[in-house]
Amino acid sequence: LKAFLSCAHREHEASEESPRLMGDDSVDSIRAQLLDWATQVDDEDAVVQEAHEAVLPTPTTERRGVLSEDFVRRQADLLPEEEVEEITSIVANSFGITSLDGNGTIEFLRLANVEVVSLSNNALVDVTPLTYLTSLTELNINFNHVQDLSP
């Protein structure tokens, strides 16, 4: 909004009218531009959301709610030739992850270098597979359904 108003002010200063004496036409014009801008912002919000969903990794294409190797690779920006063993952090907040084991889930045994894991705002009940992360120093599992943290 500030950028828009600044732009509108600059346009007004560039016009033949005095910048200090804005007529009713100028005010109406700015109001109309603001309304148009507000409509564009709503449209842009939808576009941004679509882009966000297209760019951000999703937990898995095979099974929703599972932390797959494909997801972890994309989240870590690994190139195809790079190994998952190189990953040092996993951040998968609010992705509806319900399980860390089972079919389609990454093998945590291969993630010995992971130091940071953030899985907040999911639907996890069991985090036992994280015991394979021998380098883990920071864990965020806030807002899940975990009741037992024993190894």
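Above this text sits the structure in question.
Our subject in this report is the structure included herewith. Keep in mind that what you see is a predicted model, and the values were worked out from it rather than measured. (Residues numbered from 1 in each chain as written. Predicted model: local features only at pLDDT ≥ 70, side-chain atom pairs only at ≥ 80, totals over all residues. Heavy atoms only, no water.)

Observations regarding the sheet that holds strand E2 (residues 116-118)
Here is step 1 of the chain: The sheet built from 3 strands is open, its strands ordered E1-E2-E3 with parallel pairing. Across the chains shown, the open sheet's two edge strands, defined by having one partner strand only, are strand E1 (89-91) and strand E3 (138-140). Geometrically, the sheet is characterised by an average inter-axis angle of 5° between neighbouring strands, direction not taken into account.
Here is step 2 of the chain: Here E2 pairs with E3 via 3 bridges, running parallel. Bridge pairing in E3 links Ser118 to Asn140. (Pairing = 2+ DSSP bridges. Helix = DSSP H or I, 4+ residues; strand = E, 2+ residues; numbered from the N terminus. Axes fitted to C-alpha atoms, helices over the stretch in contact; angles between N-to-C directions.)

What about the pattern of salt bridges?
Here is step 1 of the chain: This model, assessed by the stated rule, comprises 3 salt bridges.
Here is step 2 of the chain: Between Asp70 and Arg74 there is a salt bridge, with the nearest N and O atoms lying 3.0 Å from each other. Here Asp70 and its partner Arg74 are both found in helix H3 (residues 69-75), 4 residues apart, which amounts to about one turn of the helix.
Here is step 3 of the chain: A salt bridge links Arg110 to Glu85; its shortest N-O distance comes to 3.1 Å. Placement of Arg110 in the loop between E1 and E2 and of Glu85 in the loop between H3 and E1 is noted, with a sequence separation of 25 residues between them. (Salt bridge = Lys/Arg side-chain N within 4 Å of Asp/Glu carboxyl O.)

Spatial relationships are all this shows, so hold off on functional conclusions.
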